[in-house]
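Observations on the three-dimensional arrangement
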Amino acid sequence: MHTEKLPEAWLRGPVAGIPALLQPVAHVLIQSREEIRNYTRDFPGNLLWDRPAGRASVAFHLQHICGVIDRMLTYAEGKSLTEEQFSYLKKEGVMQETISLDTLVENAENKIDEMLQILPEIPSESLTEFRGVGRKQLPSTVLGLLFHAAEHTQRHIGQMLVSISVVKEQA
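So, here is what we can say about the structure in this document.

Reading the values: the criteria
- Residues numbered from 1 in each chain as written.
- Predicted model: local features only at pLDDT ≥ 70, side-chain atom pairs only at ≥ 80, totals over all residues.
- Heavy atoms only, no water.
- Pairing = 2+ DSSP bridges.
- Helix = DSSP H or I, 4+ residues; strand = E, 2+ residues; numbered from the N terminus.
- Buried < 20%, exposed > 50% of the residue type's maximum accessible area, 1.4 Å probe, protein only.
- Expected span 1.5 Å × (residues − 1).
- Polar contact = N/O pair within 3.5 Å; in protein donor to acceptor, adjacent residues only side chain to side chain.
- Contact = heavy atoms within 4.5 Å.
- Salt bridge = Lys/Arg side-chain N within 4 Å of Asp/Glu carboxyl O.
- Axes fitted to C-alpha atoms, helices over the stretch in contact; angles between N-to-C directions.
- Parallel < 35°, antiparallel > 145°, perpendicular 65-115°, else oblique.
- Left-handed = near helix turned anticlockwise from the far one by under 90°.
- Nonpolar A, V, L, I, M, F, W, Y, C, P; charged D, E, K, R; others polar.

**Some remarks on the pairing of strand E1 (residues 130–133)**
Judged from the four bridges that link them, E1 and strand E2 (residues 138–141) form a sheet pairing that is antiparallel. For Gly132, the partnering residue across the bridge sits in E2 and is Pro139. In this structure, the hairpin formed by E1 and E2 is closed by a connection of four residues, where Gly134 is found at a positive phi of approximately 75°.

**A few points about the environment of Asp102**
Note on placement: Asp102 falls in helix H4 (residues 101–118). On the basis of relative accessible area, Asp102 is assigned to the exposed category, the value being 57%.

**What to know about unusual backbone geometry**
One non-glycine residue, Ala53, lies in positive phi territory at about 55°. Its location among the elements puts Ala53 in the loop between helix H1 (23–40) and helix H2 (58–76). A positive phi angle is found at Gln137, which is not glycine, with a value near 55°. Tracing the backbone through its elements, the reader meets Gln137 in the loop between E1 and E2. The exposure class of Gln137 is partly exposed, given its relative accessible area of 41%.

**Concerning H1**
The end-to-end C-alpha distance of H1 is 26 Å, a good match for the 26 Å that 18 residues give at a rise of 1.5 Å each. Listed as buried for H1 are Gln23, Val25, Ala26, His27, Leu29, Ile30, Gln31, Ser32, Glu35, Ile36 and Thr40.

**Comments concerning the side chain of His27**
Of note, His27 is situated in helix H1. Within the local environment of His27, its side chain forms a polar contact with the backbone oxygen of Gly13, the two atoms lying 2.9 Å apart. In this structure, His27 is in contact with Ala9, Trp10, Gly13, Pro14 and Val15, ignoring residues within four places of it in sequence.

**A few points about the environment of Val58**
Here Val58 shows up in helix H2. You can call Val58 buried: its relative accessible area is 0%. Along the primary structure Val58 and Gln154 are separated by 96 residues, whereas in three dimensions their C-alpha atoms are 14 Å apart. Every residue in contact with Val58, bar those within four places of it in the chain, is listed here: Phe43, Leu48, Asp50, Met160, Ser163 and Ile164.

**Considering the pattern of salt bridges**
Across all of its chains, the model carries ten salt bridges by this definition. As a salt-bridge pair, Asp70 and Lys111 come within 3.3 Å of each other at their nearest N and O atoms. Here Lys111 lies in helix H4 and Asp70 lies in helix H2, a separation of 41 residues in the sequence. A salt bridge links Glu77 to Lys79, with the shortest nitrogen-to-oxygen separation between them at 3.2 Å. Here Glu77 falls in the partly exposed class, since its relative accessible area comes to 47%. Overlapping salt bridges, with partners in common, bring together Arg33, Arg37, Glu109 and Asp113 in one network.

**A few points about the packing of H2 against helix H3 (residues 83–91)**
It is at 10 Å that the axes of H2 and H3 come closest, and there the two elements cross at 155°. Here H2 is positioned roughly antiparallel relative to H3, judged by the angle of their axes. Pair H2 / H3 crosses with left-handed handedness. In this structure, H2 contributes Gln63, Cys66, Gly67, Asp70, Arg71 and Thr74 to the contact, and H3 contributes Gln85, Tyr88, Leu89 and Lys91. Its residues placed into classes, the contact of H2 with H3 shows three nonpolar, four polar and three charged.

Set out below in structure tokens:
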């Protein structure tokens, strides 16, 4: 049976329900979700925490994607991070033998889905509103934070792909 590969998400047309200005964010998130599943499909779980050349593990990248999306959404809402979010940040990349690859992939997919569900609710007129980031309240906007969540996710997926390739080769 021949299955035709879909074009990248940004070449599939508008995502239903997403405001026009947020289409690029949605496209990146959809592409990211698909790539996470594809790149980890045959990855051995026992290599999850391996750090090729001392760099980040596959597990770190998956945890970090969840954390970044969560933190950027919090800032986009004009809120400060909670103690729970700071605790999660400190644990990103710290080996947890009880967590599986499937769980990490599912968590990342769920966090991406959560953001995709939030995008239609964001009023276009709020996209240029100031949002302070972190304790120093560094300047950004709602759109800047949403875009950063998406592009940072894609950056870590690219790094994860390299980690997967190197770790599998070394094994």
